[in-house]
Amino acid sequence: MTPLTLTATDARPGLTKPKRTAWVPTLVLILGSLYCLIPVVWVVIAASKGRSELFSTFTFAPGTGFAANFKELSTYRDGIYWQWMANSLLYAGGGALLSAAVSAGGGYALGRFAFKGREFIFKLMLAGVLVPSIVLTVPQYLLLSKLGLADSYWSMLLPSILSPYGVYLVRIYAAAAVPGELLEAARMDGASEWRIFSRIAVPMMMPGLITVFLFQFVGIWNNFLLPYVMLADDTKFPITLGLYTLLTQGASQPALYTLVIMGCFLAILPLIALFLVIQRFWSLDLLSGSVKA
């Protein structure tokens, strides 16, 4: 007979319990995913429906008018939809780039330099984060109108340059990701402050700057109130305001509803492409910039 041997597991069975599936968190995540994805699925399916199918067929039943809707939207008013799309890319891309550049300089200075008034400026930035952008829209319009910049491309770009949240985020990121010893070593080697910032600090802060760029791009792309207040010429409209004008006209011309839905479907594609393109940058090593420098 083989003698019975007790193992540590047998001696203390309480240490080994079968794994349990966390059903409640999983269910909550599934419901949250459905809540976010169902409207997107509806837009994709509705964009394929023709005028006679939009209100007469089952909600999630695909239609046969995708190509016709796309062609009609592209030719509507000599292709003004693509002008709106180009304007949105200009406002969102240019504003996000400028905002990321300003946030990089401001956040780096607040995070890596000690000077009088730094904490006051940082707290002022925190206060700016708490102020909703909608509160600033009318004062910004009045200021730009006094400067003669209302109803211009600059009226959309200038308010997007300074992002208090972007400066705050880069400040925290710079303080954590840029070692002070590395900066001191570069100064001892004779590197100028601009070279240290551009060749060492910026590459190391790149994941944070990409995050600022992404937040600003999405925020500007989805912004409606600022262009609604600033712009009067519909050739300068972004995609949000342009689709709104189509939607209001749809009350008297129901045929435009299919164009609005197709326009909404096309409007989300740049955001999806942006996420797919830049998501790999978040996996970069934080110190890779200093190695390359």
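Here the structure is a predicted model, which is why all the values come from computation and not from measurement.

Draft legend 1. View of the pattern of salt bridges. Evaluation of the coordinates by the stated rule reveals seven salt bridges. Its salt-bridge partner being Glu184, residue Arg187 comes within 3.0 Å of it at the nearest N-O pair. In this pair, Arg187 and Glu184 are both assigned in helix H10 (residues 180-188), three residues apart and thus about one turn of the helix distant. Residue class for Glu184 comes out partly exposed when judged on its relative accessible area of 44%. Residue Glu193 pairs with Arg187 through a salt bridge whose shortest N-O separation is 2.6 Å. Among the ionic contacts, a cluster of salt bridges with common partners joins Arg118, Glu119 and Arg171.

Draft legend 2. Local environment of the environment of Met262. As for its position among the elements, Met262 is in helix H14 (residues 256-278). In this structure the C-alpha to C-alpha distance between Met262 and Lys49, which are 213 residues apart in sequence, comes to 9.4 Å. Sequence-distant contacts of Met262, that is, excluding residues within four places in its chain, are made with Ala47, Phe66, Asn69, Phe70 and Leu73.

Draft legend 3. Quick look at the packing of H10 against helix H11 (residues 193-221). Contact pair H10 / H11: the axes reach a minimum separation of 10 Å and the direction vectors enclose 150°. Comparing the axis directions of H10 and H11 gives the class roughly antiparallel. Like other packed secondary-structure pairs, H10 and H11 cross with a definite hand, here right-handed. The residues of H11 that touch H10, namely those facing Leu182, Leu183, Ala186 and Arg187, are Glu193, Ile196, Ile200 and Met204. Broken down by class, the residue content of the contact of H10 with H11 amounts to six nonpolar, no polar and two charged.

Draft legend 4. Here's a closer look at the packing of aromatic side chains. Applying the stated criterion to the full structure yields 17 aromatic pairs. Summarising the aromatic geometry, the rings of Tyr165 and Tyr168 are spaced 6.3 Å apart at their centres and angled 40° between planes, so their arrangement reads as tilted. Here Tyr165 pairs with Tyr168, and both are found in helix H9 (residues 164-177), just three residues apart, close to one helical turn. Look at Tyr168 and you get partly exposed, because its relative accessible area is 28%.

Draft legend 5. Structural detail: unusual backbone geometry. One non-glycine residue, Asp78, lies in the positive phi region at around 60°. Residue position: Asp78 is located in the loop between helix H4 (66-75) and helix H5 (80-112). On the basis of relative accessible area, Asp78 is assigned to the exposed category, the value being 81%. Even without glycine at this site, Asp151 takes up a positive phi of about 60°. Inspection of the secondary structure puts Asp151 in the loop between helix H7 (133-146) and helix H8 (154-161). Residue classification places Asp151 among the partly exposed residues on the basis of a relative accessible area of 27%.

What counts, and at which threshold
- Residues numbered from 1 in each chain as written.
- Predicted model: local features only at pLDDT ≥ 70, side-chain atom pairs only at ≥ 80, totals over all residues.
- Heavy atoms only, no water.
- Salt bridge = Lys/Arg side-chain N within 4 Å of Asp/Glu carboxyl O.
- Helix = DSSP H or I, 4+ residues; strand = E, 2+ residues; numbered from the N terminus.
- Buried < 20%, exposed > 50% of the residue type's maximum accessible area, 1.4 Å probe, protein only.
- Contact = heavy atoms within 4.5 Å.
- Axes fitted to C-alpha atoms, helices over the stretch in contact; angles between N-to-C directions.
- Parallel < 35°, antiparallel > 145°, perpendicular 65-115°, else oblique.
- Left-handed = near helix turned anticlockwise from the far one by under 90°.
- Nonpolar A, V, L, I, M, F, W, Y, C, P; charged D, E, K, R; others polar.
- Phe/Tyr/Trp six-rings, centres within 6.5 Å; stacked < 30°, edge-to-face > 60°.

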